2 protein chains.
Amino acid sequence: MRRALTTYARRGLHGQTVEVIARRILAGEIAPGATLDITALQAELDVSLTALREALKVLAAKGIVDARQKRGTFVRPRADWNLLDGDVIRWQFAEGADPRLLDKLHEVRSIIEPAAVRLAAGRATDDDLAALDGALDEMAAAKGRPAAAVAADLSFHRALLAATHNELLERMEVVMETGLAERDRLVHGGEPHDDPVPSHRAVVDAIRARDATAAETAMRGLLEKAVRDVEKVRGQKGNR
Amino acid sequence: MRRALTTYARRGLHGQTVEVIARRILAGEIAPGATLDITALQAELDVSLTALREALKVLAAKGIVDARQKRGTFVRPRADWNLLDGDVIRWQFAEGADPRLLDKLHEVRSIIEPAAVRLAAGRATDDDLAALDGALDEMAAAKGRPAAAVAADLSFHRALLAATHNELLERMEVVMETGLAERDRLVHGGEPHDDPVPSHRAVVDAIRARDATAAETAMRGLLEKAVRDVEKVRGQKGNR
DNA sequence: CTGTCAAGATGTATTACTAATTAATGATTA
DNA sequence: TAATCATTAATTAGTAATACATCTTGACAG
């Protein structure tokens, strides 16, 4: 169930080139509308023009930059960025990330997941249910190990989206993924958690019982708990 | 309100290279797991290796191919494709497209939009409302001109997503966009349509009145009508 | 004021080459 | 025999120098 973290190729000697430029743009260091000084970048990053161009091609594919003859290569307005791209979401969490991004991710999640469990209740196969059970087991086994707990949480939500049998919804995992991971990163360090297994099991039980409404209710419970957890941590950290 | 159709750069002499390879893969002509014969492609498309590699870099950025040294450049499993990318969605409608894709797009739309109007009812600014009114005017003016009607429809749904003030939801436009366009393409040719303005205006009125529930109801009405329209056409075309 | 055309800047493409990576193979050793 | 390590070969990654194509600007003509 493990998969590559990035979609673009990051292999090779200068595989970080994309990453470096992307982070600068997403962090606002290079503002939308600004034209990139290719020659300077080339000198600074110490790569050939071809390698640099390939990196910019990746960013162009994600709607972040655009190259126009005579005008140069410039950063596109933020509205054009493929914010639903996993890489783009991850890059935004680099450093001085807007903390509201987490809220936006959660908002999307709280729209998608209740609807997803309804669909899953109607469509889940035995395999899907087995995958959900597996995620619950993983979650139980991860008790006390934060990293494993995050992984188990992700497995659960991925299995849930897969059970909708709509590949577009399944792809929403990229939105959930970073959101869940960042939330967990934020929340851990607080007091020890309640056992997450029962609340998650309630969702699976409802899906298995083909009870869409119960599944949705259970899911909304999970989402509310997530909000409370984050609020608690933020309150501790000076109510910002 | 007009924007570029593609995110990747399609300018230049061999700008179609990406498109050609993408369509072949998305149409299933080159199956997931298959390795691409770079040399053959280069000869066939009559482009230099560098140009071809830049094209493949775009596809890699969208999760469609992956290049590994010694193993070659191969098509990734469909589950890894960035299906939420506007280009990827559009490419799928090229030729022998799976007609169920339209249903999947509609399913996502029918999850997102009712939730979006609720948020819009709470958050829409005067500018947002003006944009929605503008789209209604556009729709009224487009009577009898299918292309203009589609454009107006898109403007409306874009304005709606923008009124949620969540940039991630706003980006869902790429999912709606092709879905709406394809649906309209399918539906036109049937009998002349009822005036779409009143049903859309009901949504705007409810948002203006800050009535989230009424807005959601009106939106669900629109979505149901969309389903009926498509079903009618499919029924005519031999109930496939 | 408007349309046309030329100049030049800049991205786009080509070519030919070297370097890095890694699966597979075969040799060596415990 | 079985495990490990070095070699090889295939293929992508990266470099560099040069030529091509195209877009924008601005001058000029109508």
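Since this is a predicted model, take the numbers as computed values, not measurements. (Residues numbered from 1 in each chain as written. Chains lettered and ligands numbered in written order. Predicted model: local features only at pLDDT ≥ 70, side-chain atom pairs only at ≥ 80, totals over all residues. Heavy atoms only, no water.)

Pairing within the open sheet is antiparallel, and its three strands lie in the order E1-E3-E2 (chain B). Both edges of this open sheet fall to strand E1 (35–36) and strand E2 (65–68) of chain B, since each of them pairs with a single strand only. (Pairing = 2+ DSSP bridges. Helix = DSSP H or I, 4+ residues; strand = E, 2+ residues; numbered from the N terminus.)

Turning our eyes to something else, we now look at the interface of chain B and chain A. Contact residues are listed per partner, giving 44 residues for chain B and 44 residues for chain A. Each partner contributes to the roughly 4300 Å² buried at the junction of chain B and chain A, and carbon and sulfur atoms together form 56% of this total. Remark: the boundary between chain B and chain A carries 11 salt bridges. With a closest N to O distance of 3.4 Å, Glu54(A) and Arg53(B) form a salt bridge. Scanning the region where chain B abuts chain A turns up 22 residue pairs in polar contact (both at pLDDT 80 or more). For the side of chain B that touches chain A, the secondary structure elements donating two or more residues are helix H3 (49–61), E2, helix H5 (100–123) and helix H8 (167–171) of chain B. (Contact = heavy atoms within 4.5 Å. Buried area = accessible area lost by both parts, 1.4 Å probe. Salt bridge = Lys/Arg side-chain N within 4 Å of Asp/Glu carboxyl O. Polar contact = N/O pair within 3.5 Å; in protein donor to acceptor, adjacent residues only side chain to side chain.)

Ranked by size, the top nonpolar core spans 98 residues in total, and within it Ile25(A), Leu59(A), Ile25(B) and Leu59(B) carry the most contacts. Those residues within four positions of Leu59(B) in sequence are excluded, and the remaining contacts are Val18(B), Ile21(B), Ala22(B), Ile25(B), Ile64(B), Val65(B) and Trp91(B). (Core = buried A, V, L, I, M, F, W, Y, C linked by side-chain atoms within 4.5 Å. Buried < 20%, exposed > 50% of the residue type's maximum accessible area, 1.4 Å probe, protein only.)

As a further point, take the relation of the copies chain B and chain A. Once chain B is rotated about the relating axis by 180° and shifted along it by 0.1 Å, it coincides with chain A to within an RMSD of 0.1 Å. Those values place the two copies in the arrangement expected of a two-fold rotation axis. (Least-squares fit on C-alpha atoms with pLDDT ≥ 70 in both.)

Below, the discussion takes up the pattern of salt bridges. Two side chains carrying opposite charge are able to pair once their charged atoms lie near each other. Residues and elements named next belong to chain A. Throughout the structure, instances matching the rule amount to 48 salt bridges over all chains. Between Lys-62 and Asp-85 there is a salt bridge, with the nearest N and O atoms lying 2.7 Å from each other. One end of the pair, Lys-62, is in the loop between helix H3 (49–61) and strand E2 (65–68); the other, Asp-85, is in the loop between strand E3 (72–75) and helix H4 (86–92), and 23 residues separate them in sequence. The network of salt bridges with common partners includes Lys-62, Asp-85, Asp-87 and Arg-90.

Another point: the protein's contact with DNA strand D. His14(A), Ser48(A), Gln69(A), Arg53(B) and Gln69(B) are the nearest of the 20 residues found near DNA strand D. Counting only atoms of DNA strand D within 4 Å of the protein, the sugar-phosphate share comes to 65%. A distance of 3.4 Å is found between a phosphate oxygen of DNA strand D and a backbone nitrogen or oxygen belonging to Thr73(B). Looking at side-chain class alone, the surface near DNA strand D contains five nonpolar, nine polar and six charged residues. (Near = heavy atom within 4 Å. Nonpolar A, V, L, I, M, F, W, Y, C, P; charged D, E, K, R; others polar.)

Residues and elements named next belong to chain A. Put simply, helix H7 (residues 146–162) and helix H9 (residues 173–187) touch, their axes get as near as 10 Å, and they point 155° apart. With respect to their mutual orientation, H7 and H9 come out roughly antiparallel. Both H7 and H9 take part in a crossing whose hand is right-handed. Along the contact surface, H7 presents Val-150, Asp-153, Leu-154, His-157, Arg-158 and Leu-161, while H9 presents Glu-173, Met-176, Glu-177, Leu-180, Ala-181, Arg-183 and Asp-184. (Axes fitted to C-alpha atoms, helices over the stretch in contact; angles between N-to-C directions. Parallel < 35°, antiparallel > 145°, perpendicular 65-115°, else oblique. Left-handed = near helix turned anticlockwise from the far one by under 90°.)

A separate point is the sheet that holds E3(A). Residues and elements named next belong to chain A. An order of E1-E3-E2 is seen for the three strands of this open sheet, with the pairing classed as antiparallel. Of all the strands in the sheet, the pair left with one neighbour each is strand E1 (35–36) and E2. Pairing geometry for E2 and E3, over four bridges, is antiparallel. Looking at E3, one finds that Asp-66 is bridged to Phe-74.

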